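Structural features, examined
The chain contents come next:
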Amino acid sequence: MKVVVTGATGFVGSRLVEKLQANGDRVLVLTRNPQKAQKVFPPAAFPQVEIASYSPTESGNWQSAIAGYDGVVHLAGHPIAEDRWTPEVKEKILKSRQLGTQKIVEAIAQANPKPQVLVNASAVGYYGTSETATFDETSSPGNDFLAEVCQTWEAKAQKVKDSGVRLAILRFGIVLGDGGALAKMLPPFKLFAGGPLGSGRQWFSWIHREDLVDLILEALKNPSMAGIFNGTAPNPVRVTQLCETLGEVLNRPSWLPVPSFALELLLGDGAKVVLEGQNVLPKATQATGFQYQYPTLKSALKEIV
């Protein structure tokens with residue numbers, strides 16, 4: 001296949017490009033920072049990867065580059081859990097997804113020949129947060145900031161169907177791998193100071209990075225995958241169980257709780273992602289017959305740690 005990838009230098013995108021290259025597929029990386037992308041994908045190691053500069057929220061010549069490619073994977077967006085949610089950061093989080101997706105859909109509409117499929121990222125934040133409800137792909141959206149961002153993001157992606165292009169929207173859970181969210185949680189555990197975050201009763205809907213990348217590849221290649229699919233493992237856990245399992249795998253105690261106010265000081269409103277959570281099941285994903293390599297948290301953490 002010939003595949004266009006945005007957000008390619010990120011935690012999920014970089015592994016996706018590696019797997020596409022290993023499969024013999026050709027990849028066009030659209031990036032705001034070609035120098036960084038050259039370091040992540042050096043030409044000697046990635047002969048099948050082409051790197052092109054683009055302005056994600058602006059129309060431009062880059063849009064014509066999509067013509068002739070088989071599929072587009074759109075992962076780009078301002079990070080959600082790395083900054084305090086000041087009004088400026090919230091605007092970046094929303095605009096990067098709203099305008100970024102709009103410009104990709106515009107490019108696909110103009111392309112001749114057109115890609116056959118758009119695989120667009122979204123997030124389980126779509127459902128809002130709850131300690132008691134269970135959500136699947138048919139559940140209604142929440143009404144907090146992240147839910148509104150996800151609804152706007154997905155609405156922009158839906159317009160690609162007007163061009164006759166298949167759309168698969170993957171709502172990502174918290175992605176576990178060597179880096180990402182887990183990299184921030186490991187140091188306290190290794191110092192014998194890990195433990196539940198906040199109440200510990202909140203749900204943690206997660207997925208191993210390898211499984212998420214395999215799901216993206218399946219969405220690219222499987223013509224029956226159209227619609228909404230949760231990019232989560234089939235066994236979500238409460239945060240206390242996450243911390244106990246992490247402690248067990250590391251052979252470290254997990255009794256020292258991290259109070260909510262400490263996370264709020266660190267992340268501001270971004271702490272909601274960790275402190276509130278949601279119990280999300282991948283019913284539509286499993287109905288496709290997708291096979292998880294790491295369906296349980298313990299199997300995932302053992303492989304990573």
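These notes cover the structure that comes with them. (Residues numbered from 1 in each chain as written. Predicted model: local features only at pLDDT ≥ 70, side-chain atom pairs only at ≥ 80, totals over all residues. Heavy atoms only, no water.)

**Notes on the side chain of Glu 210**
Examined against the element boundaries, Glu 210 turns out to sit in helix α6 (residues 209–221). Judged by relative accessible area, which is 14%, Glu 210 ranks as buried. If we ignore the near neighbours within four places in the chain, the residues touching Glu 210 are Arg 15, Lys 19, Gln 293 and Tyr 294. (Helix = DSSP H or I, 4+ residues; strand = E, 2+ residues; numbered from the N terminus. Buried < 20%, exposed > 50% of the residue type's maximum accessible area, 1.4 Å probe, protein only. Contact = heavy atoms within 4.5 Å.)

**Details of the nonpolar core**
Among the nonpolar cores identified, the biggest contains 42 residues, and Val 5, Leu 16, Val 17, Val 73, Leu 75 and Ile 216 are the most heavily contacted of them. Contributions of two or more residues to this core are made by β1 (2–6), α1 (11–22), β2 (26–31), β5 (117–123), α4 (145–158), β7 (166–172) and α6. Broken down by element, the residue count for this core peaks at 7 residues, all from α6. Beyond its immediate stretch of four places on either side in the chain, Ile 216 contacts Val 12, Leu 16, Val 73, Leu 75, Val 119, Leu 170 and Phe 172. (Core = buried A, V, L, I, M, F, W, Y, C linked by side-chain atoms within 4.5 Å.)

**Looking at the packing of aromatic side chains**
Applying the stated criterion to the full structure yields 6 aromatic pairs. With 4.9 Å between their ring centres and 85° between their planes, Tyr 54 and Trp 62 make a pair best called edge-to-face. We note that Tyr 54, like Trp 62, is buried. Each ring, one from Tyr 126 and one from Tyr 127, has its centre 5.4 Å from the other, and the planes form 80°; the classification is edge-to-face. (Phe/Tyr/Trp six-rings, centres within 6.5 Å; stacked < 30°, edge-to-face > 60°.)

**Details of the sheet that holds strand β4 (residues 71–74)**
Overall, parallel pairing links the 7 strands, which are arranged β3-β2-β1-β4-β5-β7-β11 in an open sheet. Only two strands of the sheet have a single neighbouring strand rather than two, namely β3 (49–53) and β11 (227–231). Ignoring which end each strand starts from, the neighbouring axes of this sheet average 20° apart. Relative to β11, β7 is paired through 5 bridges, and the arrangement is parallel. The residue of β11 that forms the bridge with Leu 170 is Phe 229. Across the sheet, α1 lies against β1, β2, β3, β4 and β7, angled at about 165° from β1, the strand it touches most. Where α6 meets the sheet, its contacts fall on β1, β4, β5, β7 and β11, and the angle it forms with β7 comes to roughly 170°. (Pairing = 2+ DSSP bridges. Axes fitted to C-alpha atoms, helices over the stretch in contact; angles between N-to-C directions.)

**A short note on the packing of helix α3 (residues 87–110) against α4**
The N-to-C vectors of α3 and α4 enclose an angle of 10°; their axes lie 8 Å apart at closest approach. For the element pair α3 / α4, the angle class is roughly parallel. Within the contact between the two elements, α3 uses Lys 90, Ile 93, Leu 94, Arg 97, Gln 98, Thr 101, Gln 102 and Val 105 and α4 uses Phe 145, Val 149, Thr 152, Trp 153, Lys 156 and Ala 157. (Parallel < 35°, antiparallel > 145°, perpendicular 65-115°, else oblique.)

**Things to note about the side chain of His 74**
Here His 74 shows up in strand β4. When its relative accessible area of 1% is taken as the criterion, His 74 is described as buried. Within polar-contact distance, the side chain of His 74 engages the side chain of Thr 6 at 2.8 Å. If we ignore the near neighbours within four places in the chain, the residues touching His 74 are Thr 6, Gly 100, Thr 101, Ile 104, Leu 118, Val 119, Asn 120 and Ala 121. (Polar contact = N/O pair within 3.5 Å; in protein donor to acceptor, adjacent residues only side chain to side chain.)

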